[in-house]
Amino acid sequence: MTATILDGAKVAADIRRETAEAVAELALRGAVPGLSVILAGEDPASQVYVRSKEKGAREAGIRAETLRFPATVTEAMLLAEIGRLNADPEVDGILVQLPLPGGIGTSRILEAVDPAKDVDGFHPFNVGRLVQGKPAPVPCTPAGVMELLRRENVLLRGTRAVVLGRSDIVGKPMATLLTKADATVTVAHSKTRDLPALCREAELLVAAIGRPAFVTADFIREGAVVIDVGVNRIDTAAEVARCFPGDEAKAAAFAAKGSLLVGDVHPVDVRERASRYTPVPGGVGPLTIARLLANTVDLCRARRGR
Ligand code: GUN
């Protein structure tokens, strides 16, 4: 089987256009949605993500700021900043980029964010509401995946789905949303016995385990829909040869840059076994940012009553 691509970049562009239209409408009613991003420390991937988030927000007409702190920032300083943002009527969404520097209590920080401004949906209040099926901001990556599946008419009702990974950011909310959409969901992880056999049962496989090209042909049911949430950097020739065998363009890119991006799913194997799949890059990544912008607008409307 030669799989076709689920075009996350295109769906993301659609969501961003719709969000920009919603922002323009809000402006006519005197409200400019505001997004504040807190970035602490020097994690290189986080620096890139946060720049993309701020740029995307500005392009949609959202007022966006990134508040940068050194890795030596204290928990008290971050809590003070969050308190200030909670009280600022112009701030609709607060995003604390993860991971935080060592020594900072991530839960204490996330729980300090006003749930009405919790644009990532990470506050336990909103996690609880999501699990109960009540309106709540939905974590951006799983929300983006659901949007892609909906707009690409992927059948979920009655479908056997496996979510590979159990993180608070992706795996857990992904399983909740798929269950709500009437899929039959199994959450698998690194300790699951005979992982390939379990994943091979899945008509829909969502890989969010954070290991480069971990999902190989033996994990993929013939004709499955495969969603790859992973973004991993590989930096050895052996890894490049394993992930992109015989691919001269990738070998040249690796020689020039010294590293390459690969998802959690083996990029060659998925094309041979799946029916539809999301590529890396250009699949889930753009959807995450698109949903962040949409969440900001949703929070603005809800909080300001517009
Ligand atoms: N780090 C990796 N993914 C995310 C995300 O979706 N939100 C935040 N805040 N941090 C992240």
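Just so we're clear, the structure is a prediction, and the values are computed from it rather than from any experiment. (Residues numbered from 1 in each chain as written. Predicted model: local features only at pLDDT ≥ 70, side-chain atom pairs only at ≥ 80, totals over all residues. Heavy atoms only, no water.)

Chemist: Any chance you could break down the overall build of the protein chain for me, citing the residues and the numbers?
Modeler: In terms of helices and strands, the protein chain carries 12 helices and 11 strands. Here the protein chain has a C-alpha radius of gyration of 20 Å; the compact-globule value for 306 residues is 19 Å, and the two agree. When the backbone C-alpha atoms are referred to their principal axes, the protein chain occupies close to 55 × 45 × 35 Å. Within the protein chain, contacts between residues at least 6 apart in sequence are counted, and of these 72% link residues at least 24 apart. Just so you have it, the protein chain exposes about 13900 Å², and 55% of that area is on carbon and sulfur atoms. (Helix = DSSP H or I, 4+ residues; strand = E, 2+ residues; numbered from the N terminus. Rg over C-alpha atoms; globule rule 2.2 N^0.38 Å. Contact = heavy atoms within 4.5 Å. Areas by Shrake-Rupley, 256 points an atom, 1.4 Å probe, with all protein chains shown as cover.)

Chemist: Summarise the environment of Pro70; cite the residues concerned and give the values.
Modeler: Considering the arrangement of structural elements, one finds Pro70 in the loop between β3 (63–69) and α3 (75–87). As for Pro70 and Ala40, which are separated by 30 residues in sequence, their C-alpha atoms are 5.7 Å apart.

Chemist: Now, about the sheet that holds strand β5 (residues 160–164): what can you tell me, with residues and values included?
Modeler: On the basis of which strands lie adjacent, the open sheet formed by 6 strands has the order β1-β11-β8-β7-β5-β6 and parallel pairing. Both outer strands of the open sheet, β1 (4–5) and β6 (184–188), are each paired with one neighbouring strand and no more. Note: β1 against strand β11 (residues 276–277), 2 bridges, orientation parallel. Along β11, the bridge assignment pairs Thr4 with Arg276. (Pairing = 2+ DSSP bridges.)

Chemist: If you had to explain the pairing of β3 to someone new, which residues and values would you point to?
Modeler: Bridge analysis of strand β2 (residues 34–40) against β3 gives 7 bridges, and the strand direction is parallel. Residue pairing for β3: Ser36 is matched across the bridge by Glu65. Handedness of the crossover is the feature at issue here: the chain leaves β2, passes through helix α2 (residues 44–59), returns alongside β3, and the resulting connection is right-handed. (Right-handed = clockwise from strand over helix to strand, strands pointing away.)

Chemist: Describe the pairing of strand β4 (residues 93–96), with residues and values.
Modeler: With burial as the criterion, each face of β4 is covered, one bearing Gly93 and Leu95 and the other bearing Ile94 and Val96. As paired elements, β2 and β4 share 4 bridges and run parallel to each other. Pairing of Ser36 across the sheet is with Ile94, part of β4. (Buried < 20%, exposed > 50% of the residue type's maximum accessible area, 1.4 Å probe, protein only.)

Chemist: Tell me about the packing of α2 against helix α12 (residues 284–304), residues and numbers included.
Modeler: Interhelical geometry of α2 versus α12 gives an angle of 50° and a closest axis separation of 10 Å. Put simply, α2 runs oblique to α12. Judged by the sense of rotation from one axis to the other, the crossing of α2 with α12 is right-handed. Within the contact between the two elements, α2 uses Ser52, Lys53, Gly56 and Ala57 and α12 uses Ile289, Leu292 and Leu293. Classifying every residue of the contact of α2 with α12 by side-chain character gives 4 nonpolar, 2 polar and 1 charged. (Axes fitted to C-alpha atoms, helices over the stretch in contact; angles between N-to-C directions. Parallel < 35°, antiparallel > 145°, perpendicular 65-115°, else oblique. Left-handed = near helix turned anticlockwise from the far one by under 90°. Nonpolar A, V, L, I, M, F, W, Y, C, P; charged D, E, K, R; others polar.)

Chemist: Quick rundown of the pattern of salt bridges? Include the residues and the values.
Modeler: Evaluated as defined, the whole model comprises 21 salt bridges. Here Arg17 makes a salt bridge to Asp14, at a shortest N to O gap of 3.4 Å. Here Arg17 and its partner Asp14 are both found in helix α1 (residues 8–28), 3 residues apart, which amounts to about one turn of the helix. Look at Asp14 and you get buried, because its relative accessible area is 16%. (Salt bridge = Lys/Arg side-chain N within 4 Å of Asp/Glu carboxyl O.)

Chemist: Go over the packing of aromatic side chains with me, naming the residues and quoting the values.
Modeler: Summed over all chains, the structure comprises 1 aromatic pair. Sitting over the ring of Phe244, Lys250 keeps its end group 4.9 Å from the ring centre. (Phe/Tyr/Trp six-rings, centres within 6.5 Å; stacked < 30°, edge-to-face > 60°. Lys NZ or Arg CZ within 6 Å of the ring centre and 35° of its normal.)

Chemist: If you had to explain a nonpolar patch on the surface to someone new, which residues and values would you point to?
Modeler: Together, Tyr49, Val231 and Leu261 line one region of the surface with nonpolar side chains, adding up to about 230 Å² of accessible area. Within the fold, Tyr49 resides in helix α2. (Patch = residues over 30% accessible without salt bridge, like charges linked within 9 Å, V, L, I, M, F, W, Y side chains within 5 Å.)

Chemist: Could you give an account of unusual backbone geometry, naming the residues involved and the relevant values?
Modeler: A cis geometry characterises the amide bond from Leu98 onward to Pro99, with omega recorded as 5°. Along the chain, the position of Pro99 falls in the loop between β4 and α4 (106–112). A cis amide bond links Val280 with the next residue in sequence, Pro281, at an omega value of -5°. Looking at where Pro281 falls in the secondary structure, it is placed in the loop between β11 and α12. Backbone geometry places Asp182, a non-glycine residue, at a positive phi of 75°. Accessibility expressed as a relative area gives 40% for Asp182, which makes it partly exposed. Even without a glycine there, the phi angle at Asp194 is positive, about 45°. Structurally, the position occupied by Asp194 is in the loop between β6 and α8 (195–200). Its relative accessible area of 53% is what places Asp194 among the exposed residues.

Shape descriptors only; they carry no functional weight alone.
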